[in-house]
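# Overview (structure and organization)
Listed below, chain by chain, are the residues.
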Amino acid sequence: MDIASLFSDLVRCETRLYNALNERLSEQHGLSMAHFEFLRRLRERPGSRVADLAAEFAIGIGAASKGVDRLEKQGWVVRQPNPSDRRSSLLTLTDEAAALVDTADHTFTERLTELIEDTLDGPTMSTLAQTFSALRAALERDRIGIPTG
């Protein structure tokens, strides 16, 4: 396989999986994948800043801030002053959001399993996970693909 075909397959798989998960989360929880990912990240790391979300998802600060604004408008996220940096806020989930992300996480895992379990057996999945983890670590270590702004 040539490298361009590998890239094409990787991008198309990611897009199709993301879209299928987005559809299921939207149908069952009224939640987009983008919102779900932000909420899940904030559940795992309460007190994160907008900049932390931007770094985690390799998006611009402006896009991350707009995403948080939408979550705040829904009543799912609260911004609190950052005692160590007055220019930023610390983000926490509301109780409603915590319950929503817990329920949606079950749906997410169930749907993702449905989409890949018939194609990838355990050893293949393990190898794939290790491979993508190593690639991601190298890209992040070398600060490749970091958006500006």
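All residue numbers refer to positions counted from 1 along the written sequence of the respective chain. Only residues with pLDDT of 70 or above have their local features reported here, since the model is predicted, and side-chain atom pairs are shown and tallied only from 80 upward, although totals for entire chains, interfaces and linings are computed over all residues. The basis for the side-chain values is all heavy atoms of the structure; hydrogens and waters are excluded.

### Thoughts on helix 4 (residues 61–73)
Under the convention used in this document: Each helix is a run of DSSP H or I of at least 4 residues and each strand a run of E of at least 2, with the numbering of both proceeding from the N terminus. Multiplying one less than the number of residues by 1.5 Å gives the expected span of a helix. Here the term buried applies to any residue with accessible area under 20% of the maximum for its type, exposed to any over 50%, and partly exposed to those in between, with areas from a 1.4 Å probe on protein chains only. Note that the arc is defined by the directions from the helix axis to the C-beta atoms. The contact criterion used is simple: two residues touch if any of their non-hydrogen atoms lie within 4.5 Å.
Taking 1.5 Å per residue, 13 residues should reach 18 Å; helix 4 reaches 18 Å between its end C-alpha atoms and fits that length. Burial in helix 4 covers these residues: Ala64, Gly67, Val68 and Leu71. Seen along its axis, helix 4 keeps its buried residues to an arc of 100°; they face one direction. Across from the buried face of helix 4, at angles greater than 90 degrees, the exposed residues are Lys66 and Lys73. If you follow the buried residues of helix 4, they end up packed against helix 2 (33–44), helix 3 (50–57), strand 1 (77–81) and strand 2 (89–93).

### Brief notes about unusual backbone geometry
Notably, alanine 58 is not glycine yet its phi reads approximately 55°, a positive angle. With respect to the helices, strands and loops of the structure, alanine 58 is situated in the loop between helix 3 and helix 4. Positive phi is not limited to glycine here, since arginine 143 has a value of about 55°. Relative to the assigned elements, arginine 143 resides in the segment after helix 6 (122–141). For arginine 143, a relative accessible area of 61% puts it in the exposed group.

### Concerning the environment of glutamine 74
Within the fold, glutamine 74 resides in the loop between helix 4 and strand 1. Sequence-wise, glutamine 74 and threonine 124 are 50 residues apart; in three dimensions their C-alpha atoms are separated by 40 Å.

### A word on the side chain of arginine 111
Tracing the backbone shows arginine 111 in helix 5 (residues 95–116). When neighbours within four sequence positions are excluded, arginine 111 is seen to be in contact with Ala20, Leu21 and Arg24.

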